[in-house]
Amino acid sequence: MSDSSPVRSAAPVLDVWCELQCPDCRSALDDLRALRARYGDRLDLRLRHFPLEKHKHAFAAAQAAEEAVEQGQGWPFVEAVLGRVEELDREGEPFLIEVARELGLDAEEFDTALIDGRHILIVDADQAEGKAIGVTGTPTYVIGGELLDGGKSQEGLRERIEEIADRLLTEQDA
């Protein structure tokens, strides 16, 4: 869920390189919720797509997440899908349409978006940028120019993100 607008946010940015079929990304949800609760609008938390080849429904899920953004429910959709990774593993695209319907989104438009590929360029651009900066797995975080790889272990990452965010916010306020 990239923000491609030319106007940069005044808030520090936390890019979260994520994959919606990744159990580790599901585990990271609690940290993301805590960060959103702690910082609110003072930290620009952005989901960046990094579908892994080993998960066959990840690319479609990333496109569906972008359609959810278009329909105003990006984070609720992401959280719903990550919370049910096993269903995505088993059911694929029909599961994504089901989640959209459960959230009251236009499920037919989701289906059409997955067929016509209208969000492919966003997903491809995120993945290319991730590879260019050294992302190799998910979740991976980038804040204040520092890349924090949570694909191997997430232990201590939220605390490190908070340290960097606090420093950036203090510098911003100075």
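Use the structure listed above.
Residues numbered from 1 in each chain as written. Predicted model: local features only at pLDDT ≥ 70, side-chain atom pairs only at ≥ 80, totals over all residues. Heavy atoms only, no water.

Asker: Is there a simple way to think about the sheet that holds strand β1 (residues 13-18) in this case?
Answerer: Strand pairing within a sheet occurs via backbone hydrogen bonds; the two strands may be parallel or antiparallel. One open sheet accounts for four strands, arranged β2-β1-β3-β4; its pairing is mixed. Edge positions in the open sheet fall to β2 (44-49) and β4 (146-149), since each of these has one partner strand only. With direction set aside, neighbouring strand axes in the sheet form an average angle of 20°. (Pairing = 2+ DSSP bridges. Helix = DSSP H or I, 4+ residues; strand = E, 2+ residues; numbered from the N terminus. Axes fitted to C-alpha atoms, helices over the stretch in contact; angles between N-to-C directions.)

Asker: Got a minute to help me understand the packing of aromatic side chains in this structure?
Answerer: A ring pair, where both rings are aromatic, is described by two values, the distance of the centres and the angle of the planes. As enumerated under the stated definition, the model contains one aromatic pair in all. On the basis of an interplanar angle of 40° and a centroid distance of 5.3 Å, the ring pair of F77 and F110 is categorised as tilted. Taken together, the residues F77 in helix α3 (residues 74-82) and F110 in helix α6 (residues 107-116) connect sequence positions 33 residues apart. (Phe/Tyr/Trp six-rings, centres within 6.5 Å; stacked < 30°, edge-to-face > 60°.)

Asker: Looking at this structure, I do not really get the packing of helix α5 (residues 93-102) against α6. What am I missing?
Answerer: The angle between the axes and the distance between the axes are what describe a pair of packed helices. It is at 8 Å that the axes of α5 and α6 come closest, and there the two elements cross at 145°. You can see that α5 and α6 cross each other, and the crossing is right-handed. Here α5 contributes E93, L96, I97, A100 and R101 to the contact with α6, which in turn contributes A107, F110, D111 and L114. Broken down by class, the residue content of the contact of α5 with α6 amounts to six nonpolar, no polar and three charged. (Left-handed = near helix turned anticlockwise from the far one by under 90°. Contact = heavy atoms within 4.5 Å. Nonpolar A, V, L, I, M, F, W, Y, C, P; charged D, E, K, R; others polar.)

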